[in-house]
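Residue-level listing of the chains:
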Amino acid sequence: MLKKLFKSFRTPLRRGKAGHSTPEVLNRSQHPIERGEISRYAISVVERLQNAGYQAYLVGGCVRDLLLDLDPKDFDVATSATPEQVRAEFRNARIIGRRFRLVHVHFGREIIEVATFRANHDDEEENSNQAQRNENGRILRDNVYGTLEDDAQRRDFTINALYYDPSTERILDYANGVHDIRNHLIRLIGDPTQRYQEDPVRMLRAVRFAAKLDFDIEKHTAAPIYKLAPMLGEIPAARLFDEVLKLFLAGYAVYTYDLLVDYGLFGQLFPASAEALRHNPEYADRLIRNALDNTDLRIEQGKTVTPAFLLAALLWPALPARVLKLQERGMPPIPAMQEAAHDLINEQCKRLAVPKRFTIPIREIWDMQERLPRRSGKRADLLLENPRFRAGYDFLLLRESAGENTGGLGDWWTRYQDVSDSERRAMIRELSSKEESASGPRKRKRSGSKRKRTADSGNDTGSGE
Ligand code: ATP
Ligand code: MG
């Protein structure tokens, strides 16, 4: 309803080049944002700063999302106060960041992020303590403070450069952001190539907002992405990892993936998976897509999503060929899986700094794929007790959903979990008799031999290739 009201409202908006120093001003009657929709903590931060004599506004995603009748993820504040001055106003405030210093004001679990107005860098400021660029124009440090007008120009997209003052309930629009919101366009402020060179992560942000808002990327903003995508290689792996989680955990992962692939960005984030997509497109694409689809569904249903499972799926298509290569060199299946997993994760961590709390479960989920076919004797029951069983089993079903033939292993495990103890025993007996008829009678074990039987049901490493 609000959205409709906003859409039907007309102002003679300037259609010129994005970015100017006199803002369009939307009064309270000209936009749909109600103070009641805004976090009371965010309002109190703004008012406190204003009462102390500083300029302060709500800015960025929260204003954009409220105009679109969406629930903002968080509330960001922009102010003329320096980080130290902000900190002095609040008991519960901490200065964070080095590349981009800002203040977090804590209210229980809610954090209001307060950033000081920034300006674009002048040449003489470069390589000072506040500002730094590398030879490609990438901004390494962005702590040059400026005016509100400056701040609007250094923001990424026009739709993210809207300022809302809760005291007057007015919106200030310096970059035709309202026009682009109405027209569903993601448009960079300024020269796109230069803005991507300053910060290549803006390419990922363009895709993320396009997917989240179902907006188009304006053609000049879209044009340089494919060519500049390799610049993501310069971004610190820790920052890229954070961006990847934002990309895939926002509830629009499938659409985001499509855009990343189309713009040549996916391969910059997951090089080994991109290669697997070239070698085995149908299986790899289906597996990734199904995992992402499932993630979106879970988010829609308010269920939790484990990034480890998602990452395990995004990387999996690159694994089987590597496992096979090691097996061909004579390595047994389980060690081959472990070594290939170790190498793939190490390689991936050079791009995205995946923390240990995720790499360990990723490896356990993969390891489980090699163990799930081995069910004889007590093995099936031991696997069931394994804390990673559920994830491993779900992963097996995911592989099957992508068209991989596991000889009905998923169904077998589904049934095994469901039936009584005696039926379980029967299922295990049935397995070994099948094997015996397939491979002839087994030799009797030598007495005293400690060697265990291997490969109960064939070597299904799940290559799907
Ligand atoms: P959401 O919080 O919904 O993901 P957001 O637009 O609020 O979206 P944040 O990452 O919270 O995104 O950033 C807040 C604001 O800071 C943005 O709206 C934008 O104005 C500015 N901003 C963030 N990252 C950049 C960047 N890399 N370059 C320029 N401006 C940026
Ligand atoms: Mg935000």
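See the structure printed just above.
Notes on the structure follow.

What counts as what
Residues numbered from 1 in each chain as written. Chains lettered and ligands numbered in written order. Predicted model: local features only at pLDDT ≥ 70, side-chain atom pairs only at ≥ 80, totals over all residues. Heavy atoms only, no water. Pairing = 2+ DSSP bridges. Helix = DSSP H or I, 4+ residues; strand = E, 2+ residues; numbered from the N terminus. Axes fitted to C-alpha atoms, helices over the stretch in contact; angles between N-to-C directions. Near = heavy atom within 4 Å. Polar contact = N/O pair within 3.5 Å; in protein donor to acceptor, adjacent residues only side chain to side chain. Areas by Shrake-Rupley, 256 points an atom, 1.4 Å probe, with all protein chains shown as cover. Nonpolar A, V, L, I, M, F, W, Y, C, P; charged D, E, K, R; others polar. Buried < 20%, exposed > 50% of the residue type's maximum accessible area, 1.4 Å probe, protein only. Contact = heavy atoms within 4.5 Å. Phe/Tyr/Trp six-rings, centres within 6.5 Å; stacked < 30°, edge-to-face > 60°. Lys NZ or Arg CZ within 6 Å of the ring centre and 35° of its normal. Salt bridge = Lys/Arg side-chain N within 4 Å of Asp/Glu carboxyl O. Core = buried A, V, L, I, M, F, W, Y, C linked by side-chain atoms within 4.5 Å.

Focus on the sheet that holds strand β9 (residues 162-165)
The strands making up a sheet are joined through hydrogen bonds of the backbone, oriented either antiparallel or parallel.
Link 1 in the chain: Spatial ordering of the open sheet is given by β1-β10-β9-β2-β3-β6-β5-β4, a layout of eight strands whose pairing is mixed. Every interior strand has two partners, whereas the edge strands, β1 (24-26) and β4 (93-96), have only one. Neighbour-to-neighbour, the strand axes of this sheet turn through a mean angle of 30 degrees, independent of strand direction.

Considering the site of ligand 1
Link 1 in the chain: Near ligand 1 lie 17 residues; those nearest to it are R64, K73, D199, R202 and R208.
Link 2 in the chain: Between ligand 1 and D199, the relevant distance is 2.8 Å, taken from a nitrogen atom to a side-chain nitrogen or oxygen of the residue.
Link 3 in the chain: Starting from 590 Å² of accessible surface for ligand 1 in isolation, the protein chains cover 87%.
Link 4 in the chain: Counting residues per element, the shell around ligand 1 draws most heavily on helix α8 (residues 201-213), which supplies five residues.
Link 5 in the chain: Here the shell around ligand 1 is built from residues that sort into one nonpolar, three polar and 13 charged.

A short note on the environment of R322
Link 1 in the chain: The topology assignment puts R322 in helix α17 (residues 319-328).
Link 2 in the chain: Overall, R322 belongs to the partly exposed group, its relative accessible area being 24%.
Link 3 in the chain: Once residues lying within four places of it in the same chain are set aside, the contact partners of R322 are A272, A340, L344 and E347.
Link 4 in the chain: Looking at R322, its side chain comes within polar contact range of the main-chain oxygen of A318, at 3.3 Å.

Looking at the environment of Q327
Link 1 in the chain: Considering the arrangement of structural elements, one finds Q327 in helix α17.
Link 2 in the chain: For Q327, a relative accessible area of 17% puts it in the buried group.
Link 3 in the chain: Between the C-alpha atom of Q327 and that of M337, which follows or precedes it by 10 residues, the distance is 8.8 Å.

Considerations on the pairing of strand β10 (residues 170-173)
Link 1 in the chain: The pairing of β1 with β10 spans three bridges and is classified as antiparallel. Among the inter-strand pairings, E24 is bridged to a residue of β10, identified as D173.
Link 2 in the chain: Note: β9 against β10, four bridges, orientation antiparallel. Counted as the bridge partner of L162 is D173 from β10.

Remarks on the packing of aromatic side chains
Link 1 in the chain: Per the stated rule, a full pass over the model turns up 15 aromatic pairs.
Link 2 in the chain: Each ring, one from Y57 and one from Y163, has its centre 6.0 Å from the other, and the planes form 85 degrees; the classification is edge-to-face. With Y57 in strand β2 (residues 56-59) and Y163 in strand β9, this pair connects stretches of sequence that are 106 residues apart.
Link 3 in the chain: We classify Y57 as buried; its relative accessible area is 12%.
Link 4 in the chain: Taking the relative accessible area as the measure of exposure, Y163 reaches 0% and is therefore buried.
Link 5 in the chain: Note on F309 and F395: the rings are 5.5 Å apart at their centroids and 75 degrees apart in plane angle, and the pair reads as edge-to-face. Linking F309 in helix α16 (residues 307-315) with F395 in helix α21 (residues 389-401), this pair joins segments that are 86 residues apart in sequence.
Link 6 in the chain: We classify F395 as buried; its relative accessible area is 0%.
Link 7 in the chain: Feature note: the residues F389, Y393, W412, W413 and Y416 constitute an aromatic cluster, connected by ring pairs.
Link 8 in the chain: Of note, R375 hangs over the ring of W412, and the distance from its end group to the ring centre comes to 4.6 Å.

Notes on the pattern of salt bridges
Link 1 in the chain: Applying the stated criterion to the full structure yields 24 salt bridges.
Link 2 in the chain: Residue D367 pairs with R371 through a salt bridge whose shortest N-O separation is 2.8 Å. With a gap of four residues between them, D367 and R371 both fall in helix α19 (residues 356-371), about one helical turn apart.
Link 3 in the chain: Since its relative accessible area comes to 30%, R371 is described here as partly exposed.
Link 4 in the chain: R399 serves as the salt-bridge partner of E404, at 2.7 Å between the closest nitrogen and oxygen.
Link 5 in the chain: Counted as one network, the salt bridges with shared partners bring together R64, D65 and K212.

Looking at the nonpolar core
Link 1 in the chain: Within the largest apolar cluster, 107 residues are counted, with the highest numbers of intra-cluster contacts made by L58, I186, F248, L265, F266, F270 and W366.
Link 2 in the chain: For this core, the element with the most residues is α8, which contributes nine residues.
Link 3 in the chain: Setting aside chain neighbours within four positions, we find F266 in contact with F248, Y257, L260, V261, S273, A274, L277, I288 and L314.
Link 4 in the chain: Residues F389, L396, V419 and L431 belong to the second largest nonpolar core, which totals 15 residues.

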